[in-house]
Amino acid sequence: MTALDPFSLPPAPPAERRSSLLLIIGGGIVGLLLIVIGTSTLAFTLLGQRASAIPELLPAETQIYAAITPNLNDLPNIDRLRRAFPETFDYQNTDETADFLQERFGVTFAEDIALWIGAEAAVAVYGLPINQLGGAMGESANPLNPPATLDPLEDVDLSNANVLLITAARDQRAAQAFLDKQRAFREGQGERFTSNTADGVTIYASESDETPFAAFALARNMVVFANNAASITKLIEQRSENALARNAQFQAVTQSLPDDRIGTIYIAGEALTRFFDSLFEAGSLDESNPAIADARSATQAMQGVGFTMAVIDSGLRFDAVTVFDQTRLSSELREQLSSFRPTVSPERAGEVSSAAIGVFSFAIPADWGKRLREQLDSAPETANTLRDLEDNLGIDLDRDLFSWFHGEGVIAMLPDESAEAPVGGYFALRVSDQAAAERGMQQLSELAEDLTGIRFQATSLGRTQVQAVEEGDLFFGYGFNGNDLVIAVGRQAMEAAFGAEQKLVSFATYTNALKALPSPNSGIFYVNLNAARDLANRLGSDPVDPDTEQRLAPFRAITSSGTVGIDNRGAVRGTLLLSIET
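Here's a quick rundown of the structure. In this text, all values refer to a predicted model and were calculated from it rather than measured experimentally. Per chain, residue numbering runs from 1 following the sequence as it is written. pLDDT decides what is reported in this predicted model: residues at 70 or higher carry local features, side-chain atom pairs at 80 or more are listed and counted, and totals for whole chains, interfaces and linings draw on all residues regardless. Side-chain measures were taken over the full set of non-hydrogen atoms in the model, leaving aside hydrogen atoms and water.

1. Details of the nonpolar core
Part 1 of the reasoning: In this text, buried Ala, Val, Leu, Ile, Met, Phe, Trp, Tyr and Cys residues form a nonpolar core when linked through side-chain atoms within 4.5 Å. Only protein chains enter the area calculation, which uses a 1.4 Å probe; residues under 20% of their type maximum are buried, those over 50% are exposed, and those in between are partly exposed. In this structure, Trp 116 and Val 223 are the most contacted members of the largest nonpolar core, which totals 67 residues.
Part 2 of the reasoning: Throughout, a contact is declared for two residues whenever any of their heavy atoms are within 4.5 Å. Not counting residues up to four positions away in its chain, the partners in contact with Trp 116 are Thr 167, Ala 168, Ala 169, Arg 170, Asp 171, Ala 174, Ala 175, Phe 178 and Val 223.
Part 3 of the reasoning: Core analysis: the second largest hydrophobic core is formed by 26 residues, Ala 428, Ala 468, Val 486 and Phe 498 among them.

The following block contains the structure:
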């Protein structure tokens, strides 16, 4: 879906109407980034500028704050990124950029923006009616209470919402000339403006425009656009002690973010808490479910959420951080968060074949069966689910499954030379009690035979015997490789599970990615983009366009992981790396 382009919106008639703020915010961010990304070629002149000042100009109640640091030339790995994204880093010179700047503002980047644009840029949002938004979305998701209208958000009152686009100005005269020129152009297109002053600063406001470019001013060394003049007045009069920079939640989140970030998005915990509370009040979430009740308690303790982007030697790294106020967490919930994801050794994914298309390592906790029983027993309608299942199938889940089915696991997807099944894969679980696992699998395989008539038979795999069902090129089976229970689809996948010729740990793209991920972590998610493209080319009926192939070539892998639990700052982290090699 294409985001709404705020530069292409025509002036609205004077009649009062309600704007769609969600589209305005999305379009405003796009518009801001189109301008800001282009400043990368000018960054060498900006390296001496001070750290971010924009949070000092925003109110503490800011709900969403997104910022980018455009002085990218100072980054040691920026050349690799520039080669991978050539159009992005030369955006200010493209015909598309020139066209919409000229058509919307009557300006050019080189002559009217590059002269003044500084090293900071941000989008800020506050005043969103969170309770109304959450309630409307909750009602639309509640099957027992269908919404009265097709679009429940259309009744949300957005009149008090504020959206600001703020960019530092290093040349005040050039910045004012830009604002004057775009205002004159817009007036020539029939748009009318009113003006007022605040602390000696003139603020212009359109009588018809409802986008984030409706009002504008040069204030406090910043070029500011906003959807209303009042929010610019508030920025001008903002006192330091009540600023976003002094907000305890904002500080807690930003202090937990990586120092090497070039882009940041902050969402206030207070806004998230109110949003989730309104979902409960709308009836779309059921607090009688213990897991959902715990999630609500955790949400109420949120300081906020932060997302960042950084350029490192192996590619683009994206981080997500959720920070909790640990004093607001119950001791039980704090204990759950401290170890809610078991640690997984890095070797678990590294032992997979380097030919794998995708790999996912994880841990199954030893008490998962017990917790499943407790959760089902907590609700009357599901209290006897497992007992009925056991009675109907004639098995004992504790003995035949729960007692041994836990430990470190890995799922691998691999290419297969078979024409009938071009993709195979396997699941491997390192069990602590192999004898119990063998008995359990025997019981389950006999059950499968009784239910489906499919019978597993002993099959040779080199020197190893596995239990499998084979028909032509189709293969499904299981076996034990030491303490690893292996369940595979495809003979080649089973063979790879028992002894890969070259392991992922010997692959430089993978080992370099591990350095960027949290350690210890709760497992690895890895996608080999080269192998995925090869598979797509193999399966596709039409050849891939050479230009597309060339553009995708630098992107080698996606690797992601998260922390095991909450740290001493109350933070839970997740990281995704897009590996780039040019």
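That covers the picture; the talk isn't over yet.
2. Description of a nonpolar patch on the surface
Part 1 of the reasoning: Patch membership needs two things, relative accessible area over 30% and no salt bridge, and members are linked within 9 Å if like-charged or within 5 Å if nonpolar (Val, Leu, Ile, Met, Phe, Trp, Tyr). In these tables, accessible area is a Shrake-Rupley quantity obtained with a 1.4 Å probe, and a residue counts as shielded only by the protein chains included in the view. Each salt bridge in this description consists of a side-chain nitrogen of Lys or Arg and a carboxyl oxygen of Asp or Glu lying within 4 Å of one another. A contiguous nonpolar surface patch, about 270 Å² in accessible area, is contributed by Phe 360, Ile 411 and Phe 525.
Part 2 of the reasoning: Secondary structure counts use DSSP, requiring at least four H or I residues in a row for a helix and at least two E residues in a row for a strand, with both numbered from the N terminus. As for its placement among the helices and strands, Phe 360 is situated in strand S11 (residues 358–364).
Part 3 of the reasoning: Since its relative accessible area comes to 38%, Phe 360 is described here as partly exposed.

3. Notes on the packing of helix H9 (residues 269–281) against helix H10 (residues 290–300)
Part 1 of the reasoning: Packing of H9 against H10 leaves a shortest axis separation of 8 Å and a crossing angle of 150°. Comparing the axis directions of H9 and H10 gives the class roughly antiparallel. Relative to H10, H9 is oriented so that their crossing is left-handed. From H9, Leu 272, Thr 273, Phe 276, Asp 277 and Phe 280 reach across to H10, where they touch Ile 292, Arg 296, Thr 299 and Gln 300.
Part 2 of the reasoning: For this scheme, ten residues count as nonpolar: Ala, Val, Leu, Ile, Met, Phe, Trp, Tyr, Cys and Pro. Four count as charged, namely Asp, Glu, Lys and Arg, and the remainder, Gly too, count as polar. Here the residues of the contact of H9 with H10 sort into four nonpolar, three polar and two charged. Fitted lines through C-alpha atoms serve as axes, helices being fitted only where they are in contact, and the angles separating the N-to-C directions of these axes extend from 0 to 180 degrees. For classification, angles of less than 35 degrees are called roughly parallel, those exceeding 145 degrees roughly antiparallel, those between 65 and 115 degrees roughly perpendicular, and all remaining angles oblique. We call a crossing left-handed when the near helix sits turned anticlockwise from the far one by less than a right angle, and right-handed when that turn is clockwise.

4. Brief notes about the side chain of Thr 575
Part 1 of the reasoning: Locating Thr 575 in the fold gives a position in strand S20 (residues 571–580).
Part 2 of the reasoning: Here a polar contact means two N or O atoms within 3.5 Å. Within protein one must be a hydrogen donor candidate and the other an acceptor candidate, and residues neighboring in sequence count only if both atoms are side-chain atoms. At 2.7 Å, the side chain of Thr 575 forms a polar contact with the side chain of Asp 319.
Part 3 of the reasoning: Every residue in contact with Thr 575, bar those within four places of it in the chain, is listed here: Arg 317, Phe 318, Asp 319, Ala 516, Leu 517, Pro 518, Thr 559, Ser 560 and Ser 561.

5. A word on the pairing of strand S6 (residues 215–219)
Part 1 of the reasoning: Of all five residues in S6, five are buried; the element is thus mostly enclosed.
Part 2 of the reasoning: Of the two faces of S6, the one holding Ala 215, Ala 217 and Ala 219 and the one holding Phe 216 and Leu 218 are both buried throughout.
Part 3 of the reasoning: Bridge count for strand S5 (residues 201–206) against S6 is two bridges, and the pairing is antiparallel. In the sheet register, Ala 205 faces S6, and the bridge partner there is Ala 215.
Part 4 of the reasoning: Note on pairing: DSSP must find at least two bridges between two strands before they are called paired. Sheet analysis places S6 next to strand S7 (residues 222–226), joined by five bridges and oriented antiparallel. Within the sheet, the bridge partner assigned to Ala 217 lies in S7 and is Val 224.
Part 5 of the reasoning: In textbook terms, the turn of a hairpin is the stretch between consecutive antiparallel strands, and for S6 and S7 this stretch comprises two residues, one of which, Arg 220, has a positive phi near 50°.

6. Some points on the packing of helix H13 (residues 368–377) against helix H14 (residues 385–393)
Part 1 of the reasoning: Put simply, H13 and H14 touch, their axes get as near as 8 Å, and they point 115° apart. Viewed along their axes, H13 and H14 adopt a mutual orientation that is roughly perpendicular. Residue-level contacts link Leu 372, Arg 373, Leu 376 and Asp 377 of H13 to Thr 385, Leu 386, Arg 387 and Glu 390 of H14.
Part 2 of the reasoning: Among the residues forming the contact of H13 with H14, the class breakdown is three nonpolar, one polar and four charged.

7. Section: the pattern of salt bridges
Part 1 of the reasoning: For the structure shown, the criterion picks out 24 salt bridges.
Part 2 of the reasoning: The partner of Lys 234 in a salt bridge is Glu 61, and the shortest N-O contact between them spans 2.6 Å. A residue pair is termed long-range when its members are at least 10 positions apart, and Lys 234 in helix H7 (residues 229–237) and Glu 61 in the loop between helix H1 (21–37) and strand S1 (64–68) qualify at 173 residues.
Part 3 of the reasoning: The partner of Glu 351 in a salt bridge is Arg 430, with the nearest N and O atoms 3.2 Å apart. Residue Glu 351 is located in the loop between helix H12 (347–350) and S11, and its partner Arg 430 is located in strand S13 (residues 423–430); the two are separated by 79 residues in the primary sequence.
Part 4 of the reasoning: When salt bridges with common partners are traced through the structure, they connect Arg 348, Glu 351, Arg 430 and Asp 484 into a single cluster.

8. Details of the pairing of strand S19 (residues 555–562)
Part 1 of the reasoning: In this sheet, S19 lies alongside strand S18 (residues 525–528) in antiparallel orientation, the contact comprising four bridges. Within S19, the position partnered with Asn 528 by the bridge is Ala 557.
Part 2 of the reasoning: Looking at chain direction, S19 and S20 are connected through seven bridges and run antiparallel. Residue pairing in the sheet places Thr 559 in a bridge with Leu 577 of S20.

9. Description of the packing of aromatic side chains
Part 1 of the reasoning: Pairs were defined over the aromatic rings of Phe, Tyr and Trp, the Trp ring being its six-membered one, requiring ring centres within 6.5 Å. Orientation was assigned from the angle between planes: stacked under 30 degrees, edge-to-face over 60, tilted for the rest. By the definition in use, this model includes 21 aromatic pairs.
Part 2 of the reasoning: Seen from their ring centres, Phe 105 and Phe 213 are 5.3 Å apart, and the 75° between their planes marks the pair as edge-to-face. Of this pair, Phe 105 sits in helix H3 (residues 95–105) while Phe 213 sits in the loop between S5 and S6, placing them 108 residues apart in sequence. Summarising the burial analysis for this pair, Phe 105 and Phe 213 share the class buried.
Part 3 of the reasoning: Relative to Phe 216, the ring of Tyr 204 has its centre 5.7 Å away and its plane inclined at 20°; by these criteria the two rings are stacked. Taken together, the positions of Tyr 204 in strand S5 and Phe 216 in strand S6 put the pair twelve residues apart, joining distant regions of the chain.
Part 4 of the reasoning: Through a chain of ring-to-ring contacts, three or more aromatic side chains come together here, namely Phe 105, Trp 116, Phe 178, Phe 193, Tyr 204, Phe 213, Phe 216 and Phe 225.
Part 5 of the reasoning: Criterion for a charge above a ring: Lys NZ or Arg CZ within 6 Å of the ring centre, and within 35 degrees of the ring normal. Just above the ring of Phe 105 sits the side chain of Arg 104; from NZ or CZ to the centre is 5.4 Å.
Part 6 of the reasoning: Here Arg 183 stacks its cationic end above the ring of Tyr 204, 4.1 Å away from the centre of that ring.

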